[in-house]
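A closer look at the structure
Listed here are the chains, written in short residue letters.
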Amino acid sequence: MFHQTIVRVRAGTTIDRGGNSVPDWSAGAVRRLPVSSVSVQPTTQAEANDAARSAAVTGWQVISAPGVDADITAVDRIEWDGMTLEVIGEVGRYQDFLDGATHHIEFVMQRATG
């Protein structure tokens, strides 16, 4: 069940013209971390059509195998299946009730097009 691999993409930082530190998503600034032993399952699909555009939002839930904890946060992006997806909300870390270590993680990611 946990046979898939995703890649966490984390922005670097740069300084904008106002002197503020801001995320830098350019190819040379991002850091990638492969995360294996996960299961990616579809969760949502929605379409909206109006005169200006057609939009589609598709979501997936990611669940790691027991014992897998990955450095993924709500501000990261995920590369999977040829797509770049956004992490939606916080990453859930479920603790093992016996030793308090992370048992597994779960989070939702989505792609919006249109």
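Above this text you will find the structure in question.
Described in the following lines is the structure provided in the data block. Everything numeric in this text was worked out from a predicted model, so none of it was measured. (Residues numbered from 1 in each chain as written. Predicted model: local features only at pLDDT ≥ 70, side-chain atom pairs only at ≥ 80, totals over all residues. Heavy atoms only, no water.)

1. What about the nonpolar core?
- Counting 17 residues, the largest nonpolar core has I6, V40, I72, I78, W80, F107 and M109 as its most contacted members.
- Elements with a contribution of two residues or more to this core: β4 (31–49), β5 (54–64), β6 (77–80), β7 (83–95) and β8 (102–113).
- When residues of this core are assigned to their parent elements, the largest contribution, four residues, is made by β7.
- The contacts of F107, once residues within four sequence positions are left out, are I6, W60, Q61, V62, I72, I78, V87 and V91. (Core = buried A, V, L, I, M, F, W, Y, C linked by side-chain atoms within 4.5 Å. Buried < 20%, exposed > 50% of the residue type's maximum accessible area, 1.4 Å probe, protein only. Helix = DSSP H or I, 4+ residues; strand = E, 2+ residues; numbered from the N terminus. Contact = heavy atoms within 4.5 Å.)

2. Considering the sheet that holds β6
- On the basis of which strands lie adjacent, the closed barrel formed by six strands has the order β1-β4-β5-β8-β7-β6 and antiparallel pairing. When strand polarity is set aside, the average angle formed by the axes of neighbouring strands in this sheet is 45°. (Pairing = 2+ DSSP bridges. Axes fitted to C-alpha atoms, helices over the stretch in contact; angles between N-to-C directions.)

3. Comments concerning unusual backbone geometry
- Its identity is not glycine, yet S37 carries a phi of approximately 65°, on the positive side.
- One non-glycine residue with positive phi stands out, namely D81, at about 55°.
- Judged by its relative accessible area of 59%, D81 falls in the exposed class.

4. Let's talk about the pairing of β8
- Inspection of the sheet shows β5 paired to β8 by eight bridges, in the antiparallel sense. Considered in β8, the bridge of I63 is made with E106.
- As consecutive antiparallel partners, β7 and β8 are separated by six residues, and within that stretch G100 has a phi angle of approximately 80°, a positive value.

5. So, the pairing of β7
- Pairing between β6 and β7: four bridges, direction antiparallel. From the neighbouring strand, E79 faces β7, where its bridge partner is T84.
- In this structure, the hairpin formed by β6 and β7 is closed by a connection of two residues, where D81 is found at a positive phi of approximately 55°.
- Sheet topology places β7 next to β8; seven bridges connect them, and they run antiparallel. Opposite I88, over in β8, you have V108 as the bridge partner.

6. Focus: the packing of aromatic side chains
- One pass over the structure, following the stated rule, counts one aromatic pair.
- Judged by centre distance (5.6 Å) and plane angle (65°), the ring pair of W60 and W80 falls under edge-to-face. Linking W60 in strand β5 with W80 in strand β6, this pair joins segments that are 20 residues apart in sequence.
- Its guanidinium or amino end placed over the ring of W25, R77 lies 3.7 Å from that ring's centre, counting from NZ or CZ. (Phe/Tyr/Trp six-rings, centres within 6.5 Å; stacked < 30°, edge-to-face > 60°. Lys NZ or Arg CZ within 6 Å of the ring centre and 35° of its normal.)

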